[in-house]
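If you want the building blocks of each chain, they are given just below.
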Amino acid sequence: MSSNGEPNKILIISQYFFPTAEKNYEVKETIEKLAEQGHNISVIARKSSAETVSEIKNTKFYFIEQDAFTIKNTKFYFIEQDAFTSGSEWGYVFQNISFMWKAIKIGSALEGNFDIVIATMPTGFAGIAANIVAGKKGAKLYLDVKDNWVESALASNYISNGSPIHKAAIMVENWVLKRGEKFNL
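Residues numbered from 1 in each chain as written. Predicted model: local features only at pLDDT ≥ 70, side-chain atom pairs only at ≥ 80, totals over all residues. Heavy atoms only, no water.

S.K.: Please clarify how the overall build of the chain should be interpreted in this entry.
M.R.: The helix and strand inventory of the chain stands at five helices and seven strands. N-terminal to C-terminal, the α/β element order of the chain is β-α-β-β-β-α-β-α-β-α-α-β. Across the 185 residues that make up the chain, the buried fraction comes to 48%. Counting only contacts in the chain whose residues sit at least 6 apart along the sequence, the fraction spanning at least 24 positions is 72%. (Helix = DSSP H or I, 4+ residues; strand = E, 2+ residues; numbered from the N terminus. Buried < 20%, exposed > 50% of the residue type's maximum accessible area, 1.4 Å probe, protein only. Contact = heavy atoms within 4.5 Å.)

Next up, the structure:
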């Protein structure tokens, strides 16, 4: 609860969400815990690669609002992330930038302000989006760091060690980590 005993209005930005073929980084569990505490939550996440949802509503903000998940006090906005299948480092970067820009657009368009914006990491792109939206919405920024984004991208062979993209990713990750407080539930 907030300092005045009222529930917080929380926005969570996560590039990964349940159910997904990739790691889910316990984002769903974090949302459920915050909702159980009575907070009002909005979630911006990439549409899972494992989902099969029959009814999808496209909006002018390029996102999907689904009723596939119901968690008390929570509203979901799922992004159709652009696919760049070149298999190159640049394809990886453009795919993540696609998520970041759409998350910023959605978060900025949501009505009202938030008390807290939480970015789940990885990725640094979720962190950048959360930082920008927190600034626009007058919110405090928290980072739910589940994994080292750059090391994860290296281990998955999305980027090459020592490449310009690797060096830029380290700078971005360090910048994001300095902007918000660590969050762990």
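S.K.: Help me understand the packing of helix α3 (residues 124-137) against helix α5 (residues 164-179) in this model?
M.R.: The relative placement of two packed helices is expressed as an angle between their axes plus a distance between the axes. Close contact between α3 and α5 brings their axes to 9 Å; oriented N to C, the two are set at 45 degrees. As far as their axial angle goes, α5 and α3 are oblique. The interaxial crossing formed by α3 with α5 has left-handed handedness. Note on element contacts: α5 touches α3 through Val-172, Trp-175, Val-176 and Arg-179, opposite Gly-124, Gly-127, Ile-128 and Asn-131. Looking at the contact of α3 with α5 residue by residue, the classes come out as four nonpolar, three polar and one charged. (Axes fitted to C-alpha atoms, helices over the stretch in contact; angles between N-to-C directions. Parallel < 35°, antiparallel > 145°, perpendicular 65-115°, else oblique. Left-handed = near helix turned anticlockwise from the far one by under 90°. Nonpolar A, V, L, I, M, F, W, Y, C, P; charged D, E, K, R; others polar.)

S.K.: Mind showing me how you'd approach the pairing of strand β6 (residues 140-145) here?
M.R.: Within a regular strand, the side chains alternate between the two sheet faces. In this sheet, β6 lies alongside strand β5 (residues 116-121) in parallel orientation, the contact comprising six bridges. Its bridge partner being in β6, Ile-116 is matched across the sheet by Lys-140. By the bridge criterion, two bridges tie β6 to strand β7 (residues 181-182) in an arrangement that is parallel. Residue pairing for β7: Tyr-142 is matched across the bridge by Glu-181. (Pairing = 2+ DSSP bridges.)

S.K.: In this structure, what is going on with the packing of aromatic side chains? I would like to understand it.
M.R.: In this description, a pair of aromatic rings is defined by centroid distance and the angle of the planes. Evaluation of the coordinates by the stated rule reveals one aromatic pair. Here Phe-76 and Phe-78 contribute two aromatic rings whose centre-to-centre distance is 5.7 Å and whose plane-to-plane angle is 20 degrees, an arrangement assigned as stacked. Judged by its relative accessible area of 0%, Phe-78 is buried. The positively charged end of Lys-9 is found above the aromatic ring belonging to Phe-114, 4.9 Å away from the centroid. (Phe/Tyr/Trp six-rings, centres within 6.5 Å; stacked < 30°, edge-to-face > 60°. Lys NZ or Arg CZ within 6 Å of the ring centre and 35° of its normal.)

S.K.: Would you mind going over the environment of Asp-144 with me for this structure?
M.R.: Note that Asp-144 resides in strand β6. Using a relative accessible area of 1% as the deciding quantity, one classes Asp-144 as buried.

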